Amino acid sequence: MVASRSARERKAAAQAGPLARVKIDLDGEQQFLYRISCSTCVARGHRAWSTHRAGGDNGFMSAMDRWTFHLVEKHPDADAPCLAFLAEAQQRLHDRREGGASE
Ligand SMILES: [Zn+2]
């Protein structure tokens, strides 16, 4: 499982782009715990931005969506592969809100 975790970590980091720091931990139930933090916000001395989500692909998706929104909002000049999925991320956010999930 360790190999698969670091493989996922690399894949997520590649997708999140150069500003992101991606870390995947395992929680008590051996579930993946995705953590994405923003290296730029940290460097500028702002309150560090980070998101973490538990779970498999759903957790990954939802952490990556949050990161995509952060990029668009705070770093509009940044480029990252995940920005290609912005429209899908917005759709998912919409669906989650419709479903009553809260942040
Ligand atoms: Zn940031």
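It should be noted that the structure appears before, not after, this text.
Just so you know, these numbers come straight off a predicted model, no measurement behind them. (Residues numbered from 1 in each chain as written. Predicted model: local features only at pLDDT ≥ 70, side-chain atom pairs only at ≥ 80, totals over all residues. Heavy atoms only, no water.)

1. A look at the coordination of the zinc ion
Taken together, the protein ligands of the zinc ion are Cys38 (SG), Cys41 (SG), His70 (NE2) and His75 (NE2), with distances of 2.0 to 2.3 Å. Within one chain, the residues serving as donors to the zinc ion are arranged as C-x2-C-x28-H-x4-H. With a gap of 29 residues between them, Cys41 in helix α2 (residues 39–43) and His70 in helix α3 (residues 57–74) connect regions that are remote in the sequence. (Donors = N, O, S within 2.8 Å, 3.2 Å for Na, K, Ca; no water. Helix = DSSP H or I, 4+ residues; strand = E, 2+ residues; numbered from the N terminus.)

2. Points about the side chain of Thr40
Mapped onto the secondary structure, Thr40 falls in helix α2. Residues within four places of Thr40 in sequence aside, it is in contact with Leu19 and His75. (Contact = heavy atoms within 4.5 Å.)

3. Regarding the sheet that holds strand β2 (residues 32–38)
Read from one edge of the open sheet, 3 strands run β1-β2-β3, paired in antiparallel fashion. A strand with exactly one partner marks an edge of an open sheet, and here the two such strands are β1 (20–26) and β3 (50–54). For this sheet, the mean angle separating the axes of adjacent strands, direction not counted, is 15°. The pairing of β1 with β2 spans 7 bridges and is classified as antiparallel. In the strand pairing of β2, Lys23 is matched with Arg35. Contacts from α3 reach β1, β2 and β3 within the one sheet, and its direction differs from that of β2 by about 10°. (Pairing = 2+ DSSP bridges. Axes fitted to C-alpha atoms, helices over the stretch in contact; angles between N-to-C directions.)

4. A short note on the environment of Gln15
Along the chain, Gln15 falls in helix α1 (residues 2–16). Take Gln15: its relative accessible area is 18%, and that puts it in the buried class. Sequence separation between Gln15 and Leu83 is 68 residues; the distance between their C-alpha atoms is 8.7 Å. Ignoring any residue separated from it by four or fewer positions in sequence, one finds Gln15 in contact with Phe60, Met64, Ala80, Pro81, Cys82 and Phe85. (Buried < 20%, exposed > 50% of the residue type's maximum accessible area, 1.4 Å probe, protein only.)

Keep in mind these numbers describe shape, not what the thing actually does.
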